[in-house]
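# Structural features, examined
One letter stands for each residue in the lines below.
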Amino acid sequence: LYINFWEEGQYEGRLCISELNRALTKTDEAMAACLAEYIQSALKWQNYFPQQKSRILESLFLKLLDEKIVDENVFIRRLGEYEWERNDAYFCILIKMDERDFEISAGLATCHKLEMQFPFAFAFIYREGILMLVNKTRMDMGIHEFYSSFALFLREGLFKAGISRSSKDFFQIREYYEQGIIALEVGQKTDPMFWYYKFEDYVVPYLLAKGMKGYPARIFCPEGLVRIFAYDEGHHTDLAGTLRVYL
């Protein structure tokens, strides 16, 4: 005797009662149905508040991605509910999904699986796929271990992913999302057998093929060089010029 639990079309689990000392009766079925109702209610209450918080934070990320105005104080407070901070180091991962996956509502289930397997990440559906924000500051495993586990996840789901460089400001999420798009676009053409593609591995082929294509130059600039420019600006030095001469 078993009863499946569904929530908004998604399979949540199953109550299963084995037939041991005697045959199951109609009374057993009625009691199991009653127990299932309590379990279903408990599952809803357990998930209600985290889902509410995640939806609020997701809505703020969506505004930033769509280049809309977001109240900085509200955003920082919502990040704090996840024990994240604005200047935590993070990177974006764009996961490509087939249209069929969206038709069967597999996107939300995949987001949930990602967050369960990688609790230092936040995943949500955005446009043509899933956008996953990986908080490196809160990561409880080595980066190489993460990539190994993530590659296995992609292979099991037959997904492909583009990975941005690291950032230390969530307000820059739009630019790093664009890096994920570029990495995925070029990587799938250049190395179709790979499961994921890092932006730094494909930035030069992209520039040679298409130039900046309307993107700001800072998207393609290595993180170390950005720090040099910032230092020069703040200290009135010309380390970038020195580096140019050296190279």
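Scroll up to find the structure this text is about.
So, a few notes on the structure that sits alongside this text. Owing to the predicted nature of the structure, the values given are computational and were not obtained by experimental measurement.

For the rest of this paragraph, the subject is the overall build of the protein chain. Counting secondary structure elements, the protein chain contains nine helices and seven strands. Across the 247 residues of the protein chain, 36% fall into the buried class. For the protein chain, contacts bridging at least 24 residues in sequence account for 60% of all contacts bridging at least 6. With the model as given, the accessible surface of the protein chain reaches about 15400 Å², and the carbon-plus-sulfur share is 55%.

Interaxial distance between helix α6 (residues 173–190) and helix α7 (residues 199–210) falls to 9 Å at its minimum, and their mutual angle equals 80°. Judged on the interaxial angle alone, α7 and α6 are roughly perpendicular. Mapping the contact onto sequence places Gln 179, Ile 182, Ala 183, Glu 185, Val 186, Gly 187 and Thr 190 in α6 and Phe 199, Tyr 202, Pro 205, Tyr 206 and Lys 210 in α7. Counted by class, the contact of α6 with α7 contains seven nonpolar, three polar and two charged residues.

Take unusual backbone geometry next. At Glu 83, a position not held by glycine, the phi torsion is positive, near 60°. If you trace the backbone, Glu 83 turns up in the loop between α2 (72–80) and β3 (90–96). In the Ramachandran plot, His 236 falls in the positive-phi region, its phi being about 55° despite a non-glycine side chain.

A few words now on the environment of Arg 155. Its location among the elements puts Arg 155 in helix α5 (residues 143–157). By relative accessible area, which is 48% here, Arg 155 ends up partly exposed. Residues Arg 155 and Trp 195, 40 residues apart in the sequence, show an inter-C-alpha distance of 6.8 Å.

What counts and how
- Residues numbered from 1 in each chain as written.
- Predicted model: local features only at pLDDT ≥ 70, side-chain atom pairs only at ≥ 80, totals over all residues.
- Heavy atoms only, no water.
- Helix = DSSP H or I, 4+ residues; strand = E, 2+ residues; numbered from the N terminus.
- Buried < 20%, exposed > 50% of the residue type's maximum accessible area, 1.4 Å probe, protein only.
- Contact = heavy atoms within 4.5 Å.
- Areas by Shrake-Rupley, 256 points an atom, 1.4 Å probe, with all protein chains shown as cover.
- Axes fitted to C-alpha atoms, helices over the stretch in contact; angles between N-to-C directions.
- Parallel < 35°, antiparallel > 145°, perpendicular 65-115°, else oblique.
- Nonpolar A, V, L, I, M, F, W, Y, C, P; charged D, E, K, R; others polar.

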